[in-house]
Amino acid sequence: MSNRKRNPKLELSAFYDEMGFTVKVNCTAEENAAYAAQLEATGSLPAGVYRYRDVYSNEPDQFYTVRQGDLTNAEKQAYIACCNFKNVNTIKKCVVFFTVLAIISIVAALISVLIPVLSCSSYHMLNYN
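The present account deals with the structure reproduced in this document.

Analysis parameters
Residue indices begin from 1 for each chain and proceed along its sequence in written order. In keeping with the model being predicted, local features are shown solely for residues with a pLDDT of at least 70 and side-chain atom pairs are shown and tallied solely at 80 or more, while totals for entire chains, interfaces and linings include all residues. Note: side-chain values were computed over all heavy atoms of the structure, leaving out hydrogens and water. Only Phe, Tyr and Trp rings take part, Trp by its six-membered ring, and two of them pair if their centres are within 6.5 Å. Stacked means planes under 30 degrees apart, edge-to-face means over 60, and tilted covers everything else. Summary of the burial criterion: residues with accessible area below 20% of their type's maximum are buried, those above 50% are exposed, and those between are partly exposed, where the area comes from a 1.4 Å probe applied to protein chains only. Criterion for a charge above a ring: Lys NZ or Arg CZ within 6 Å of the ring centre, and within 35 degrees of the ring normal. Criterion for a salt bridge: a side-chain nitrogen of Lys or Arg within 4 Å of a carboxyl oxygen of Asp or Glu. Two strands pair if DSSP finds at least two bridges between them. Under the DSSP-based scheme used, a helix requires at least four consecutive residues in state H or I and a strand at least two consecutive residues in state E, with every element numbered from the N terminus. A fitted line through C-alpha atoms represents every axis, and for helices the fit uses only the stretch in contact; the resulting angles, taken between N-to-C directions, go from 0 to 180 degrees. Expected span of a helix: the number of residues minus one, times 1.5 Å. By arc we mean the arc of the directions from the helix axis to the C-beta atoms, nothing more. What makes two residues a contact is simply this: any of their non-hydrogen atoms within 4.5 Å.

Brief notes about the packing of aromatic side chains
A full pass over the atoms with the stated rule returns 8 aromatic pairs. The interplanar angle of 45 degrees and the centroid separation of 6.3 Å between the aromatic rings of F15 and Y16 together place this pair among those described as tilted. Judged by relative accessible area, which is 31%, F15 ranks as partly exposed. Assessed through its relative accessible area of 25%, Y16 is described here as partly exposed. One aromatic cluster in this structure is built from F15, Y16, F21 and Y79. Positioned above the aromatic ring of Y64 is the side chain of K24, whose terminal nitrogen or guanidinium carbon lies 4.8 Å from the ring centre. Lying over the aromatic face of Y16, K76 brings its terminal NZ or CZ to 5.1 Å of the ring centre.

Remarks on the pattern of salt bridges
Under the criterion given, the structure shown has 2 salt bridges. Across the salt bridge formed by R6 and E11, the nearest N and O atoms sit 2.9 Å from each other. Classification of E11 by relative accessible area gives partly exposed; the value is 37%. R67 is the salt-bridge partner of D70, the closest N and O atoms lying 4.0 Å from each other. Under the relative-accessibility criterion, D70 is labelled exposed at 71%.

Focus on the sheet that holds strand β3 (residues 63-68)
The sheet built from 3 strands is open, its strands ordered β1-β3-β2 with antiparallel pairing. Since the sheet does not close on itself, it has two edges, and those belong to β1 (22-26) and β2 (49-51), each with one partner. Averaged over all pairs of adjacent strands, the angle between their axes in this sheet comes to 40 degrees, without regard to strand direction. One ladder, built from 3 bridges, connects β2 with β3; its direction is antiparallel. Following the sheet pairing, Y50 is matched in β3 by Y64.

Brief notes about helix α2 (residues 29-42)
End to end, α2 covers 20 Å across 14 residues, agreeing with the expected 20 Å (1.5 Å per residue, within 8%). Buried residues of α2: N32, Y35 and L39, and no others. Down the axis of α2, the smallest arc covering the buried residues is 70 degrees, so these residues share one side. Along α2, the residues that are exposed and aim more than 90 degrees away from the buried face are E30, E40, A41 and T42. Buried residues along α2 sit against β2 and β3. Once α2 finishes, G43 follows within two positions and takes phi at roughly 85 degrees, a positive value.

Take a look at the structure:
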């Protein structure tokens, strides 16, 4: 079990971003300059403003804000339900595949065991006649 504390708000915002429920809006050049000055002066950014992290770039800092997408809560719920249905359908197909594979392997094992037994008994039947 992990000793790391979970942050539900952070996980939820990551989920919203992954599902496309939020939109990143790039800041203008003036806003970038203002946020860079504020970050340098205070060491923090206003709530809802984030910095792109590119440690290998010599470009000046770029910032963005995150806003909610155009979907209503009902549309989000319907979208999540559709995604869940697709996931369950994929799991169902995997279960069917592995079940058929198991049945084929059991039949093949039975055939490989029964062929020598049947051929041996038919050989003995021929010798008695």
